[in-house]
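Listed here are the chains, written in short residue letters.
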Amino acid sequence: DWEMEAEEYYNKLEEIANQYYAEGSKEWQKYTLEIKKGRDRIEKEKKKALEDEFEKGLEERQNYLEDEEFYDRLSREQKIEGLKEIREYIQKSYDDRLIDYERFQKEMREVDKDIYKEEKEMVKEHIDELNDIRKKKYDDAVKKVNDFYQAIYNAQKKADREAELEDLRQAEKLYEGAVSRQ
């Protein structure tokens, strides 16, 4: 691959510089400086290639989660699992030296915040569900109590009407008796 070819090239240059020029001479210093610059450039390109590889993998994973969430194909638990997989990818990338410590810390902080946010929302939803269940049970109990007292009230009202009706019947009989005697 190109890295090996470049390394061989700079090794050969170093060998030539050491063979034909006295160590410390102006020409030797010139070649040594060029060799160092070339090797530094290779290291920089290697590092960029590794970071690009990491960036591509991270972006693919994040886009997948975003798409699945957008199309409502992810439960909150599945999203948290996906975020944890991204966290593992970041850790592995750091362990494999694809990213440096600073980038590792930045990415871990972001994904940990996302995981925390999702877990917090999940707990909030669970609490809301429990509160809804409690409220429904409370409302059902209040309705039963109200229905009970309404039945007592209706029975009392019926008894009062029947008593009033009986009083009216008694009064009617008295009136009919008084009128028929005259």
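This text goes with the structure placed above it.
Here is what the cut-offs are and how they apply
Residues numbered from 1 in each chain as written. Predicted model: local features only at pLDDT ≥ 70, side-chain atom pairs only at ≥ 80, totals over all residues. Heavy atoms only, no water. Salt bridge = Lys/Arg side-chain N within 4 Å of Asp/Glu carboxyl O. Helix = DSSP H or I, 4+ residues; strand = E, 2+ residues; numbered from the N terminus. Core = buried A, V, L, I, M, F, W, Y, C linked by side-chain atoms within 4.5 Å. Buried < 20%, exposed > 50% of the residue type's maximum accessible area, 1.4 Å probe, protein only. Contact = heavy atoms within 4.5 Å. Polar contact = N/O pair within 3.5 Å; in protein donor to acceptor, adjacent residues only side chain to side chain. 1 Å grid on protein atoms, 1.4 Å probe; cavity = no way out; pocket = protein on both sides within 12 Å on 5 of 7 lines; lining within 4 Å. Points joined across faces, edges and corners; volume = space filled by probe spheres on them.

Before going further, it helps to spend a moment on the pattern of salt bridges. Following the criterion strictly, the structure yields 25 salt bridges and no others. A salt bridge links lysine 106 to glutamate 107, with the shortest nitrogen-to-oxygen separation between them at 3.7 Å. One salt bridge connects aspartate 128 with lysine 124, and the closest N-O pair in it is separated by 3.3 Å. With aspartate 128 and lysine 124 both in helix H4 (residues 101-181), this residue pair falls four residues apart, about one helical turn. Each of Glu69, Arg76, Lys79, Glu118 and Glu125 takes part in a single network of salt bridges with overlapping partners.

Quick look at the nonpolar core now. The tendency in soluble globular proteins is for nonpolar side chains to be buried as a group. Membership of the largest hydrophobic core comes to 13 residues, with the highest contact counts inside it found for Phe54, Leu58, Ile86, Ile90 and Val111. Of all the secondary structure elements, the ones that give two or more residues to this core are helix H2 (26-70), helix H3 (76-95) and H4. In this structure isoleucine 90 touches Phe54, Leu58, Ile99, Phe104, Glu107, Met108 and Val111, once residues within four positions along its chain are discounted. Grouped together as the second largest cluster of nonpolar side chains are five residues, Tyr10, Leu13, Ile35 and Ile42 included.

Residues other than glycine seldom take positive phi values, yet aspartate 72 does so here, at roughly 55 degrees. By secondary structure assignment, the location of aspartate 72 is in the loop between H2 and H3. A relative accessible area of 69% means that aspartate 72 is categorised as exposed. Here arginine 97, not a glycine, exhibits a phi torsion of approximately 65 degrees, which is positive. Looking at where arginine 97 falls in the secondary structure, it is placed in the loop between H3 and H4. By relative accessible area, which is 60% here, arginine 97 ends up exposed.

Inspection of the secondary structure puts tyrosine 101 in helix H4. A distance of 2.3 Å separates a polar atom in the side chain of tyrosine 101 from a polar atom in the side chain of glutamine 105.

The next point concerns the layout of surface pockets. Volume-wise, the largest pocket comes out at about 230 Å³. Lining the largest pocket are 15 residues; nearest its centre among them are Gln62, Glu66, Leu83, Ile86 and Asp114. Put simply, the parts of the chain that give the lining of the largest pocket at least two residues each are H2, H3 and H4. The dominant element in the lining of the largest pocket, judged by the number of residues it contributes, is H4, at six residues.

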